Amino acid sequence: MLQENNNCVIDTEMRDIMGKSVYIAEKPSVAQEFAKALHVNFTRKDGYLEGGDHIVTWCVGHLVTMSYPDAYDPNLKRWSFDTLPFIPKEFKYEVIPAVAKQFNIVKDILTRDDVEYIYVCTDSGREGEYIYRLVEQQAQVHGKNRRRVWIDSQTEEEILRGIREAKDLSEYDNLASAAYLRAKEDYLMGINFSRLLTLKYGNSISNYLGTDYSVVSVGRVMTCVLGMVVRREREIREFIETPFYRILATIGEQGQTFEGEWRAVKGSKWFESFDLYKENGFKEREKAQQVIDYLTQEQPVTGQIASIEKKKEKKNPPLLFNLAELQNECSKRFKISPDETLKIAQELYEKKLTTYPRTDARVLSTAVAKEIHKNLNGLMKYESAVLFLQEIVGFGSHKGLAKTRYVNDKQITDHYAIIPTGQGMSALSGLSWTSRAVYDVIVRRFLSIFYPAAVYQKVAITTKVKEESFFASFKVLAEPGYLKVVGVPGEKKGESGSAAGAEDRNVSGSVTSAETGDGSGDNNSGDNGDGNEDMASSQAFFEKIQSLKKGMTLPIQGMEIKEGKTSPPKRYNSGSLILAMENAGQLIEDEELRAQIKGSGIGTSATRGEILKKLFNNKYLALNKKTQIVTPTMLGEMIYDVVDHSVRSLLNPELTASWEKGLTYVADGDITSDEYMMKLDRFVSSRTEGVKGLNNQYQLRACYDRVAPFYKNEKQTMKYTKSRRAKSGTKTSAKSGSKSSGRKSTKTANASK
């Protein structure tokens, strides 16, 4: 039977006859946590720890990778149309030279005669599964009892649970198959299409830019993301600003006025007029002036309250953070990149402060909900949380968490949402300010779900002047609810040093103007209708507004025309781009594909930040570090045009959705790896042969010419750099047969995903 002996999980009945147990983690820091949890007197060796019947060792990320084409045939080192498509019948793998020492250490341990059990403790997900399977394959491990440890945090309790409940590794064979296929897919698309498009269009790009050479780096996900950013930039560039003119009236007694916006609703003289720009404005100022002239013919001008509507509006706490939501939040709050946010989230995880970061779920599991009091109790050691925790105890809301929308087993695949563990507090002081701030954001989002909804009181007033209607609305935060934890939107953060800075503020009773036509969904600017905001700056004013009654007559102090204008779509910032990648289903018309991509998006939670980083490093996209705004470069737009005129489907989310759908089928056991590979082979072969038959390089020059005026400085910089290299005699050879260019570009493409 299983029992704990010094917190170490040991089968006491089998101890005399079983061999040693190996625990292999993904990195040294994680291995250290497993060693601590086992409570064994370990001796540190080179690349592993050993004590009694237990050995703890580790990878350092990937130890094994797919071999480059020249490993199959030295002639493949030279890039040539004749060798494309390159689709090996059997894929080759090799140890990564930089980590060969650690691989050999791990290999010797896994194949030792005295080792009987292997506990696979790599990250609990598709990529973690792949890391171990490659090691096992390359080390030729046979005859061992392999078990999979699947955990959501690195607390001692969770590690020991994972070891106790470890399943036979064979139960994860379908997941491993999907992992292998994902890697093969990225490898084949990256190598074939990068070589193909470089050979076909590389010279046209380098000649146009005045550079020595250009490698067209292509990736299944990377190129799709590039397409999203370039399309958005071109929408902005081609946008034609349209002015429009709104009519605002100042209503009420002197000193107690509010602003109302005219709208051409049913009953208006201008209802459905062709002169209108929507119902709340005109295309021409003169037409708006005609309305004012008509309404102000007789003085003094008065209006009658036609309706006054009062209601309460509830706003529930948002769902918990997954990685994409956290990356977006940190991009907005702290102006840090998604890649940096992931590094911080990983650091917090490894310090036992938070749960596993690479998750797409925004809810908790039923099992976790039952034990949530442990997380809450642990947070009593976090000073900023104490006041909120005391109130949560008063609410008793943690007892019924399992029945809320924050718990849903069906919405969880590998891991639940990112939450604080309530442990590891001693590590907080050693973190950077940014890391502590990110932790604070995670804690506050977590605590907020135990608070009631925020309650707003809203008042909407319609005032009639003749037959024309003016609309105004107001709202006041009556009950802060969860906003007491996370802060009121739009208010300045407190000076307490916390990320949210809301704990010392009185957030109740603040009044804001509700929109009188914000037009945010219509890309309008200058029509926010925020004239009531300053006037509605006190609880007393709001109470005065509430005292108004239907039928009352109010003086009209004046009317004015306010010019607005349509605005283009906003550029992506690093956070919103991550969310767009996660929710790329909105770009897909096919319902089945949209449903599939909804759960996985473009890329995965583990890879999206890294994909953006590669696009920045390749100089296809540019990141403004101060604002985190993402824009294409001239080279990026040229690559977009190349792909658009050759393998257009690489730019569309449909491709990623269809492949991800297939990988899910493999992971679920619905289709075989062979069926998937047949589809992949056909796709790569047909697209490769199709591009070979194209002769459209000259046509692309017109595309380059269209974007060049927007990048004059960038093009000049490229030519200047080439000139400097030529003068210094450091001109780089770019022949497709050179080992450096071939390997570098292939590696880039293979890693692009």
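Look a little higher up for the structure.
By convention here, each chain's residues receive numbers from 1 onward along its written sequence. Local features in a predicted model are, by the rule used here, given only for residues with pLDDT of at least 70; side-chain atom pairs are given and counted only at 80 or more, and totals for whole chains, interfaces and linings are based on all residues. Water and hydrogen atoms play no part in the side-chain values, which are based on all heavy atoms of the structure.

### Quick look at the nonpolar core
- Think of a nonpolar core as a cluster: buried Ala, Val, Leu, Ile, Met, Phe, Trp, Tyr and Cys residues, connected wherever their side-chain atoms sit within 4.5 Å. Per-residue accessibility, obtained with a 1.4 Å probe over protein chains only, is compared with the maximum for each type, and a residue is labelled buried under 20%, exposed over 50%, and partly exposed between these values. In this structure, Leu 197, Ile 205, Val 225 and Leu 615 are the most contacted members of the largest nonpolar core, which totals 98 residues.
- The leading source of residues in this core is helix α5 (residues 173–209), at 16 residues.
- By definition, residues are in contact when any of their heavy atoms lie within 4.5 Å. When near neighbours in sequence (up to four residues on either side) are disregarded, Val 225 contacts Leu 577, Met 581, Ile 602, Ile 611, Leu 612 and Leu 615. What counts as a helix is a DSSP run of H or I of at least four residues, what counts as a strand is a run of E of at least two, and both are numbered from the N terminus.

### A short note on the side chain of Thr 359
- Here Thr 359 shows up in the loop between α9 (338–350) and α10 (366–370).
- Residue Thr 359 is classed as buried on the basis of its relative accessible area, which comes to 2%.
- Pairs of N or O atoms within 3.5 Å make up the polar contacts considered here, provided that, within protein, one atom can donate a hydrogen while the other can accept it, and that residues adjacent in sequence are counted only when both atoms are side-chain atoms. Within polar-contact distance, the side chain of Thr 359 engages the backbone oxygen of His 415 at 2.9 Å.

### Quick word on the pattern of salt bridges
- For this analysis, a salt bridge means a side-chain nitrogen from Lys or Arg found within 4 Å of a carboxyl oxygen belonging to Asp or Glu. Applying the stated criterion across every chain, the model contains 41 salt bridges.
- Glu 185 is the salt-bridge partner of Arg 220, the closest N and O atoms lying 2.6 Å from each other. Taken together, the residues span a long stretch of sequence, with Arg 220 in the loop between α5 and α6 (222–238) and Glu 185 in helix α5 at a distance of 35 residues.
- A relative accessible area of 4% means that Arg 220 is categorised as buried.
- A salt bridge links Glu 233 to Arg 571; the nearest nitrogen and oxygen atoms lie 2.8 Å apart. Placement of Glu 233 in helix α6 and of Arg 571 in the loop between β19 (553–566) and α17 (574–582) is noted, with a sequence separation of 338 residues between them.
- Taking the relative accessible area as the measure of exposure, Glu 233 reaches 10% and is therefore buried.

### Notes on empty space enclosed by the protein
- The method works on a 1 Å grid over the protein atoms by themselves. A cavity is a set of points holding a 1.4 Å probe that cannot get out, a pocket is an open set with protein on both sides within 12 Å along at least five of seven lines, and residues with an atom within 4 Å of a point line them. Grid points are joined across faces, edges and corners, and a volume is the space filled by probe spheres set on the points. Following the criterion strictly, the structure yields 2 cavities of 30 Å³ or more and no others.
- The wall of the largest cavity is formed by Val 30, Phe 34, Cys 121, Thr 122, Asp 123, Ser 124, Arg 148, Val 149, Ile 151, Gln 154, Tyr 349 and Tyr 356.
- Think of it as three bins: nonpolar holds Ala, Val, Leu, Ile, Met, Phe, Trp, Tyr, Cys and Pro, charged holds Asp, Glu, Lys and Arg, and polar takes everything else, Gly as well. In terms of residue class, the lining of the largest cavity is built from 7 nonpolar, 3 polar and 2 charged.

### Some details on unusual backbone geometry
- Looking along the chain, the bond that leaves Leu 84 and enters Pro 85 is cis, with omega of 0 degrees.
- Mapped onto the secondary structure, Pro 85 falls in the loop between β7 (64–66) and β8 (93–95).
- With an omega of -10 degrees, the peptide bond running from Gln 299 to Pro 300 counts as cis.
- Note on placement: Pro 300 falls in the loop between α7 (285–295) and β14 (302–315).

### Regarding the pairing of strand β16 (residues 468–479)
- With respect to burial, β16 is a largely interior element, 9 of its 12 residues being buried.
- Two strands qualify as a pair provided that DSSP identifies no fewer than 2 bridges between them. The pairing of strand β13 (residues 258–263) with β16 spans 3 bridges and is classified as antiparallel. If you follow Glu 261 over to β16, its bridge partner there is Phe 471.
- Sheet analysis places strand β15 (residues 454–465) next to β16, joined by 11 bridges and oriented antiparallel.

### Regarding the packing of aromatic side chains
- Each aromatic pair joins two rings of Phe, Tyr and Trp (for Trp, the six-membered one) with centres within 6.5 Å, and gets the label stacked for planes under 30 degrees apart, edge-to-face for over 60, and tilted for any other angle. Scanning all chains against the criterion turns up 22 aromatic pairs.
- Taken together, a centroid distance of 5.8 Å and an interplanar angle of 85 degrees make the contact between Phe 258 and Phe 474 edge-to-face. Here Phe 258, found in strand β13, pairs with Phe 474, found in strand β16; they are 216 residues apart in sequence, far enough to count as distant.
- Judged by relative accessible area, which is 2%, Phe 258 ranks as buried.

### Things to note about the sheet that holds strand β5 (residues 48–51)
- Spatial ordering of the open sheet is given by β4-β5-β6-β3-β9-β10-β11, a layout of 7 strands whose pairing is mixed. At either end of the open sheet lies a strand with only one pairing partner, and these are β4 (43–45) and β11 (167–168).
- The convention used is that axes are lines fitted to C-alpha atoms, helices contributing only their stretch in contact, and that angles between N-to-C directions extend from 0 to 180 degrees. Contacts from helix α1 (residues 28–38) reach β3 (20–25), β4, β5, β6 (54–58) and β9 (115–121) within the one sheet, and its direction differs from that of β6 by about 160 degrees.

Any functional reading would require information beyond the geometric quantities listed.
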